[in-house]
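# Survey of secondary and tertiary structure
Now for the letters of each chain:
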6 protein chains.
Amino acid sequence: MTRPSGRRPEQLRPVKITRDFTCHAEGSVLIEFGKTKVICTASVTPGVPRFLRGKGEGWVTAEYGMLPRSTGSRMDREAARGKQGGRTQEIQRLIGRSLRAAVDMKKLGEHTINIDCDVIQADGGTRTASITGACVAMVDAIRHLQRKKAILDDPLLCMIASVSVGIYKGTPVLDLDYPEDSKAETDMNVVMNSEGGFIEVQGTAEAAPFSEEELSAMLGLAKQGIADLVRVQKMALAQ
Amino acid sequence: MTRPSGRRPEQLRPVKITRDFTCHAEGSVLIEFGKTKVICTASVTPGVPRFLRGKGEGWVTAEYGMLPRSTGSRMDREAARGKQGGRTQEIQRLIGRSLRAAVDMKKLGEHTINIDCDVIQADGGTRTASITGACVAMVDAIRHLQRKKAILDDPLLCMIASVSVGIYKGTPVLDLDYPEDSKAETDMNVVMNSEGGFIEVQGTAEAAPFSEEELSAMLGLAKQGIADLVRVQKMALAQ
Amino acid sequence: MTRPSGRRPEQLRPVKITRDFTCHAEGSVLIEFGKTKVICTASVTPGVPRFLRGKGEGWVTAEYGMLPRSTGSRMDREAARGKQGGRTQEIQRLIGRSLRAAVDMKKLGEHTINIDCDVIQADGGTRTASITGACVAMVDAIRHLQRKKAILDDPLLCMIASVSVGIYKGTPVLDLDYPEDSKAETDMNVVMNSEGGFIEVQGTAEAAPFSEEELSAMLGLAKQGIADLVRVQKMALAQ
Amino acid sequence: MTRPSGRRPEQLRPVKITRDFTCHAEGSVLIEFGKTKVICTASVTPGVPRFLRGKGEGWVTAEYGMLPRSTGSRMDREAARGKQGGRTQEIQRLIGRSLRAAVDMKKLGEHTINIDCDVIQADGGTRTASITGACVAMVDAIRHLQRKKAILDDPLLCMIASVSVGIYKGTPVLDLDYPEDSKAETDMNVVMNSEGGFIEVQGTAEAAPFSEEELSAMLGLAKQGIADLVRVQKMALAQ
Amino acid sequence: MTRPSGRRPEQLRPVKITRDFTCHAEGSVLIEFGKTKVICTASVTPGVPRFLRGKGEGWVTAEYGMLPRSTGSRMDREAARGKQGGRTQEIQRLIGRSLRAAVDMKKLGEHTINIDCDVIQADGGTRTASITGACVAMVDAIRHLQRKKAILDDPLLCMIASVSVGIYKGTPVLDLDYPEDSKAETDMNVVMNSEGGFIEVQGTAEAAPFSEEELSAMLGLAKQGIADLVRVQKMALAQ
Amino acid sequence: MTRPSGRRPEQLRPVKITRDFTCHAEGSVLIEFGKTKVICTASVTPGVPRFLRGKGEGWVTAEYGMLPRSTGSRMDREAARGKQGGRTQEIQRLIGRSLRAAVDMKKLGEHTINIDCDVIQADGGTRTASITGACVAMVDAIRHLQRKKAILDDPLLCMIASVSVGIYKGTPVLDLDYPEDSKAETDMNVVMNSEGGFIEVQGTAEAAPFSEEELSAMLGLAKQGIADLVRVQKMALAQ
C-alpha cells in the first residue's frame, strides 16, 4: 500500500503553527496540516451566557466555517443560505467540547472565550487541525487575561490536540488528507490531552465495518500523532 | 457502586419493540428502552435525491425529533423556533449513516427510505433506541417493497443496533438512563452490526479524560449489549 | 347515503382517553377518535409572557404538530423546513383560544400552561380531538397546581370539547373521518363548553355553499356529539 | 346600548369602492369600510402551481399584509421580522378560500390569479373588507382575460362579500369597528355569495360563550349586510 | 433627444405631497413623483435602541417596502419569502441615513422616529420620492412632539430632499421615470439638504462609465431639482 | 492636520497583491491595503443563473464576508445569526456591479464567475480592497478559461479598482484607515476603470454635509489613487 502523498502510514503531514496571524484577536493562529490551512482565533469577552450567570465560572465556545472556495469546487456560503449545515454544527460542537476539557472554568472566572475556526484551504482533517490550532490560540487568550490581571490562577489544565486516523486500502494510517479521506473504509477523529487521556473518539465505518483490532491499531497511531502535535504546540508557544 | 436503577453494570433496561405501532407507514415501530420511548417509522418513496439520480441506487435518510414535553422540563418546539438545533442534526445524521450501513443501495434501486424517529418520552439513550428501533422499521419497509415486487433481491445486509456505555462513579456501565447519563464521567454511543462489526463509536469525556483500558471495558459491554438487542430485534421481526 | 365507516350520521367514532400517557408532563393524555390519535400534554411553568406580567393573571397557550408519517403519505417535518405552515398555526391558535375559555385567569395566577398536541396518527378530526384531549390534560395540570398549593381557588370554569360536522353526500354527519372529510361539501368545526355555550364555530364551504338550514342541522349534531364527548372526558377524569 | 360610532345595530359603515386605484394590476381596488382602507389587487399570471399542472384548471390564491403604521401603535414589519404571523396566514388563507368559491376553475384554464390585500389604514374588519374588495378586483382581472381572449367562457360563478357581526354589550351588531371589536363578547366573520349561500362562518367567543339564538341573530344581520355589500360591488362594477 | 414622457431634460415630474394621508401615524404623507406613489409615515416611540440608551440622544430609522403589485409584473412579497432583499435593505439604510442628517439627536432626546416608506405604485425614483416624502412626515412627527411638550428645543436642522439624475441617450436628465431608468447609461441618486449641502451621492454606471463632466452636469441638475422639491415640501408644510 | 498614520493626504497605504494565495480557486488573491487584508477568490462554473439562460451571455456575481474577529471587537458570525446584514449585502452588490463593468458578457459565454471576498483583518477600506483584489482574481479566472479554450475571445474590457476618499478634520484625504474612517466628516467610495471612467461614486455625509468643491477635491484624490492601484494590479498580473 502506498499513500497518495507517499507518506508512511504513521507519518503526519508537515505541521506549522503561526501565532499572531491576525492583529485584533487576543489569540490568533494559522495552523497548517499540509495543505489544510485554518485561521483559529480566540476572543475574550467579559461575562458568560445566561445559563451560567452568577456561578463564578467561565465558558469556552466555538464556531467553525469554511470559506466558499476553500474546497475543490465552490460550496454555498452558509451566511447566504441562511443557516449552518449539520456538518458545521457537529464540528463546532466538537471543537467547543474538546477545548472545554482543557480549562478549569472556576479559575477562568466569568469570562467567555469565543473560538473561531475558519478554513481558508481544505485538504482533509479540517476539524482536527482546528482543535489543535485553537488550543494554541486559547492559551494566548488566557495568557492575555493573566497579563491584564483579569484572572489570578492559571485555568489551563493541559493542552488538547487532535488528529484523524483511518483504514485506507486495508492499512491503518495517520492524518488522512482529502484523497485518502474520500476513499477510506473507516475514518476516526481522536482528541486527546497532553497527558495521554482521551477526550473524544469518533469512529465511522464509511465503506466497511471495523473490528476491535483495527480500532486498537488506529488508536495507537492517534496517540503517537497527538504526542507529536503537542510537541509542535509547545514549541510554537515557547517562541 | 450502585446504579440509580439498581441494575448490574452490564444489564440493559427492559427492551420492548412493538411493530405496526401506527397504521400509515410502511414500517412503524415503538421501541422502549426502559422509560425511553421512541416512535420509529420508515416511509418508502420512489425516486432518490438529486445527487443520486440516474445511478440506479437507493438512499436511506433519517430525521429525529423530541416532543416538547418528552423531557423533565418542557423544551422549545423546534418547528416553532424555526430551526433544528445542533444536537438534533448530529443525531439524525448519526441515525442515517448507521442505517445506510445495513443496506445494499444497488439492490434497493431508486427508492428512498425516510426514517423518522420521534421521542415521546425520554430517559437517556434516545439516539441508541432510535437506531435500534429504526432498523426494525426499515426491515418492515424493505419487506413491503419485496412483497410489492418493487425490488427483486434483498438489499438487507445485516441488522444494526446501538447502545450507550459510560463510566459512572468509576465503573463501566451499559445502557445509561438519564440519572446516570447526567453524571457520567464518560459517555459513549456504539453502533454495531449483527455480525459484530463496528459501525460508529462516539466517546466523549464529560467530566474526566478516559484511558484506553476504560475504552476497552466500555466496548466490551457494548458488544454484549448489542448482541442482546439484535436478539430482541430478530424476535420482534419473527412474530 | 352510507358513510364509508358504516356509522349512522349522528354517530361518533369510538373515543378513548388515556391519562398519564407519558410520565414527565403535569397532564398527559392520549386521545383517540377512531384511528386519529393525538398525544396532548399540559406543562406548567411559573411566570407569564411579557405582555401579561404584573397583572396577577395566568395564561394558556398551545402548539400543534403532526409526526411526518402520521398521514397517508409522508409530510415534510416542519422543524426541518424551518417554519410552521399556515394550517398548523391556524390550528394551534384555535386550540389555545378554545382552552382559555375554560379558565379563570385571575384564579390561575401567574402561571403559564403550555399545551402540546402532537398527532401520531391522523384520520380526520385532529384539531377537534386535540381540543378535547388537551382539556383533560389541562385539568390534570390544574389539579397538580392545586395539590402543590400553588393556587388556592379552582380556576376551571367548565370543560371544553370539540367535534367536526359536515355535509357528506347531501346529509349532515357527525365526526368526519378522512375519507368523508376529503369529499365533504361542507366542513365545520365546533367547540362548545360543558354548559352548552358555543366557543368557536368554523364552517367552510368546500364544494358548495351551505344554507342556514344545513348550518342548523350541523349545529344540532355538534351539540349532541359534544355532550357525549364531555361525558367521556368526565369519566376519564373520574378514574 | 349605543354604538361608539352612533350607528344603529344593523347599520354598515359607509362603504366605498374605487376601481383602478393603482395602474399596473389587472384589477386594482381601494375599498373603504369607514376608516378601514385596503388596497386589493388581482394579478394574472399564466400557469398554475405545481400541484395543479396539466389538469387544465386555474388557481386563485391570496396574500394579506398590513402597513406597519396602519394601526394605532406601530407593528413590526413582517418582512423585517422574517416571517408572517399566524394571524396574517389565517387571514390570507381565508381570503383565498373565499374567492375560490366564486370561480369555475375549469373555465379559468391554466391561469393563476394572485390577490394581494394590503391594509393601509385599520379600524376593524380588515379581513371582511379585503374579501369584499378583492372580489371586485378579481372580476376586473377576469374581464381583462376575457377581453384579451385568453379565456372564452366566463369563469365567474357569483360575487363574494364578507362582513363581521358580533355581540356588543349584549346586542347583536353589524360591521364592528375597532372600538367595538376590542370589547365585543363575540366576534363572527361571515362570507356569503351573491345568491345567499354561506361560504365561511367563523365565530369566536371572546369574553363569553354564545348561544344558538345569538348565533341566529348574528347570521341574520350578516345576511342583510352582505346583500348590501353585493349591491355596492355591482354598482362599482357597473361604472 | 426626446424623453419618453416629453419632459425637458431639466424638468421634474409633477410632484404632489398630501399630508395626513392616514389617520394613526404622528406624520403621514402620500408623495407622488408623477406615477410613482409612496406612503411615508413617521411613528414616534419613547425610548431608543439598546446601543444608544442612557446617552440622552434620539434616533431615526427607516424601513422600505413595495406592495407586490406596485410594479409592472408582480414581485414576491418579502414577508412571504421570509427576508428583505438586498435592494430593499440598501434603500432603507439610505433613507435612514439621509433623514438623520436633518435632526439634532440631542434635542430629539430619547425618542425614536420610525419611518416607513411603502410604495403603492412604482414608476422609477421610489427611493428619492421616499426620502422627500418621509422628511415631511418626520417634520409632522417632530411638531407633534413639540405640541405635546415632549421636547423643548426644535431638533429639526434643515429639510432633506432627493432626486435622481442620469445620462439618457447621451443627455443628462433629471428625475428619471421607469422607461428612462431601465435604459439609462448612468443613474445617480442625490440627497441634499435645504441649505445646498450634499448628504449622499450615489452614481452607478449602468451601461457605460461616466466622465467627470457628466458627473458635474448631473449634479447641476440635481441641485436645481432638489431646490424645487424643497419648495414643494415647504408649501405642503405651510398648509 | 496630521493623519493618524502620518501619511500625506494624497498617500495610499502600502498595497500588496499576492496571487495564487489558496490552491483550489481559478483565481485567488490576498490583497493588503495596509493592515486591511482580504482573500479574494474567483470561481468559474459552467452555466448561468435562470434569468440569463439561453442568451449566450455570462455572469459575474460576488459575495462578501468578514471573519468574526477580523475587527477590533468580535462580530456575530452571519452564518450563525442566519442572515447577512444590510451592510454585507450592500457591499457584495457593489462588488458584483463593479466587476461586471470590466467584462463583455457575450464574450464570456455561458459561464458564471463567483467572486468571494472574505476579510481576514479589517482596518478600513475593506470594500475598496475587495474590488481591487477581486479584479485581479477575476483576470486569473478568465485566463484559466482561455487556456482551457473554454472561451475564444478575451472578455476583459479593462481593469477595475477602487479606493476610499473622505474629509478628515477638514482636509480631503485618500484611502482612509479605520481611525480616520470612524471620525471622517464625509466618506466616499469611488470605483473607476483603467481608462479613467467612473463606475461607482458613493459619497455619504457622516458628520456634516459636503460641498461641490469638497466633492471635486475628493474625486481628484480618488482618480490619482486608482491610477496607482491599477499599476499595482498590472504589476501583480505581469509576474
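These figures come from a predicted structure and were not determined experimentally.

Further remarks concern the UniProt feature "binding site: phosphate" (unreviewed entry) in chain A. Residues and elements named next belong to chain A. Per the UniProt annotation, the sites labelled "binding site: phosphate" (unreviewed entry) are Arg87, Gly125, Thr126 and Arg127. Separation in sequence by 41 residues is not matched in space for these annotated residues, since their most distant C-alpha atoms are only 13.3 Å apart. Topologically, glycine 125 is positioned in the loop between β5 (111-121) and α4 (126-147). Setting aside residues up to four positions removed in sequence, glycine 125 forms contacts with Arg13, Thr36 and Leu176. Mapped onto the elements of the fold, arginine 127 is located in helix α4. The residues contacting arginine 127, other than those within four sequence positions of it, are Arg87, Glu90, Ile91, Leu94, Asn189 and Gln202.

What follows concerns the arrangement of the chains. Taking C-alpha atoms as the reference, chain A and chain D come no closer than 11 Å and do not contact one another. In this assembly chain B lies apart from chain E, the nearest approach of their C-alpha atoms being 11 Å.

Another point: the pattern of salt bridges. Inspection of the entire model under this criterion finds 127 salt bridges over all chains. Across the pair C:Arg7 and C:Asp177 runs a salt bridge, and its minimum N-O distance is 3.5 Å. Here C:Arg7, found in the segment before β1 (15-19), pairs with C:Asp177, found in the loop between β7 (171-174) and α5 (178-181); they are 170 residues apart in sequence, far enough to count as distant. Overall, C:Asp177 belongs to the buried group, its relative accessible area being 6%. One continuous salt-bridge network, built from bridges that share partners, spans A:Arg3, A:Arg7, A:Arg13, A:Asp123, A:Asp175, A:Asp177 and A:Glu180.

Burial runs high along strand β9 (residues 198-205) of chain F: eight of the eight residues are buried. Bridge analysis of strand β9 (residues 198-205) of chain E against β9(F) gives five bridges, and the strand direction is antiparallel. By the bridge assignment for β9(F), E:Gln202 is matched with F:Gln202. In this structure, strand β8 (residues 186-193) of chain F lies alongside β9(F), joined through seven bridges in antiparallel fashion. Its bridge partner being in β9(F), F:Asp187 is matched across the sheet by F:Thr204. Taking the residues that link successive antiparallel strands as the turn, the β8(F)-β9(F) hairpin has four residues, and the phi of F:Gly196 there is positive, at about 85 degrees.

Residue and element names in this part refer to chain C. A sheet is described by the order of its strands in space; here five strands give the open sequence β1-β2-β3-β5-β4, paired in mixed fashion. Bordering the open sheet on either side are β1 and β4 (59-66), each of which pairs with just one other strand. Ignoring which end each strand starts from, the neighbouring axes of this sheet average 20 degrees apart. Bridge count for β1 against strand β2 (residues 27-33) is five bridges, and the pairing is antiparallel. Bridge pairing in β2 links threonine 18 to leucine 30. Here helix α2 (residues 86-100) sits on the sheet and contacts β4 and β5 (111-121); the angle it forms with β4, its principal contact strand, is near 145 degrees.

Of note, A:Lys169 is a non-glycine position whose phi angle comes to about 50 degrees, a positive value. Among the secondary structure elements, A:Lys169 is positioned in the loop between β6 (160-168) and β7 (171-174).

Quick look at the interface of chain A and chain F now. Listed by partner, the interface residues are 36 residues for chain A and 36 residues for chain F. Surface buried jointly by chain A and chain F totals about 2,700 Å² across both partners, of which 51% is contributed by carbon and sulfur atoms. It is A:His24, A:Arg69 and A:Arg77 in chain A that bury the most area against chain F; as a group they hold 26% of the surface buried on that side. The partner of F:Arg74 in a salt bridge is A:Glu63, with the nearest N and O atoms 3.0 Å apart. Between the two partners, chain A and chain F, sit 22 residue pairs in polar contact (both at pLDDT 80 or more). In terms of residue count, β5(A) provides more of the side of chain A that touches chain F than any other element does, six residues in total. Per-class residue counts for the side of chain A that touches chain F are 14 nonpolar, twelve polar and ten charged.

Before going further, it helps to examine the UniProt feature "domain: Exoribonuclease phosphorolytic" (unreviewed entry) in chain A. All names here are of chain A. The UniProt entry lists residues 11-141 and 158-225 under the feature "domain: Exoribonuclease phosphorolytic" (unreviewed entry), expressed in the numbering used here. What you have in residues 11-141 is 30% helix and 32% strand, and the ends, taken at the C-alpha atoms, are 31 Å apart. Along residues 158-225 the backbone is 26% helical and 43% strand, and the end-to-end C-alpha distance reaches 17 Å.

Counting residues in each nonpolar core, the largest one holds 131 residues, and the members touching the most others are E:Ile115 and F:Ile115. Apart from the residues within four sequence positions on either side, F:Ile115 is in contact with F:Thr41, F:Ala42, F:Val60, F:Thr61, F:Ala62, F:Glu63, F:Ile95, F:Leu99, F:Ala134 and F:Met138.

This part takes up α2(C). Residues and elements named next belong to chain C. Taking 1.5 Å as the rise per residue, α2 with 15 residues should run 21 Å; its terminal C-alpha atoms sit 21 Å apart, in good agreement. With eleven of 15 residues buried, α2 lies mostly within the body of the structure. Among the residues making up α2, those that are buried are Gly86, Thr88, Gln89, Glu90, Ile91, Gln92, Leu94, Ile95, Gly96, Ser98 and Leu99.

Next up on the list: the relation of the copies chain A and chain F. With an RMSD of 0.0 Å, the fit of chain A onto chain F corresponds to turning through 180 degrees and sliding 0.0 Å along the axis. Within this description, the copies of the chain are treated as partners about a two-fold rotation axis. By C-alpha distance to the rotation axis, the residue of chain A lying nearest is A:Ala79, at 1.8 Å. Looking at the interface residues of chain A, 100% of them are also at the interface in chain F, so both copies use one shared face.

Looking now at the packing of helix α2 (residues 86-100) of chain D against helix α4 (residues 126-147) of chain D. Residue and element names in this part refer to chain D. Here α2 crosses α4 at 40 degrees, and the two axes come no closer than 10 Å. In terms of orientation, α2 lies oblique with respect to α4. Between α2 and α4 lies a crossing of right-handed hand. Packed against α2, whose contacting residues are Arg87, Glu90, Ile91, Leu94, Ile95, Ser98 and Leu99, the element α4 presents Thr126, Arg127, Ser130, Ile131, Ala134, Cys135 and Met138 at the interface. Taken together, the residues of the contact of α2 with α4 break down into eight nonpolar, three polar and three charged.

Aromatic ring pairs are defined here through the distance separating the ring centres and the angle between the ring planes. What the rule picks out here adds up to twelve aromatic pairs over all chains. Seen from their ring centres, B:Phe51 and B:Trp59 are 5.2 Å apart, and the 90 degrees between their planes marks the pair as edge-to-face. With a relative accessible area of 52%, B:Phe51 lands in the exposed category. Centre to centre, the rings of C:Phe198 and D:Phe210 are 5.6 Å apart; their planes meet at 25 degrees, and the pair counts as stacked.

Residue and element names in this part refer to chain F. Spatial strand order, β1-β2-β3-β5-β4: five strands in an open sheet with mixed pairing. Since the sheet does not close on itself, it has two edges, and those belong to β1 (15-19) and β4 (59-66), each with one partner. Here the strands of the sheet are splayed against their neighbours by 20 degrees on average, with no regard to which way each runs. Direction of pairing for strand β3 (residues 36-46) relative to strand β5 (residues 111-121): antiparallel, over a ladder of ten bridges.

Criteria and thresholds
- Residues numbered from 1 in each chain as written.
- Chains lettered and ligands numbered in written order.
- Predicted model: local features only at pLDDT ≥ 70, side-chain atom pairs only at ≥ 80, totals over all residues.
- Heavy atoms only, no water.
- UniProt positions renumbered as here; feature names shortened; annotations may be inferred.
- Helix = DSSP H or I, 4+ residues; strand = E, 2+ residues; numbered from the N terminus.
- Contact = heavy atoms within 4.5 Å.
- Salt bridge = Lys/Arg side-chain N within 4 Å of Asp/Glu carboxyl O.
- Buried < 20%, exposed > 50% of the residue type's maximum accessible area, 1.4 Å probe, protein only.
- Pairing = 2+ DSSP bridges.
- Axes fitted to C-alpha atoms, helices over the stretch in contact; angles between N-to-C directions.
- Buried area = accessible area lost by both parts, 1.4 Å probe.
- Polar contact = N/O pair within 3.5 Å; in protein donor to acceptor, adjacent residues only side chain to side chain.
- Nonpolar A, V, L, I, M, F, W, Y, C, P; charged D, E, K, R; others polar.
- Core = buried A, V, L, I, M, F, W, Y, C linked by side-chain atoms within 4.5 Å.
- Expected span 1.5 Å × (residues − 1).
- Least-squares fit on C-alpha atoms with pLDDT ≥ 70 in both.
- Parallel < 35°, antiparallel > 145°, perpendicular 65-115°, else oblique.
- Left-handed = near helix turned anticlockwise from the far one by under 90°.
- Phe/Tyr/Trp six-rings, centres within 6.5 Å; stacked < 30°, edge-to-face > 60°.

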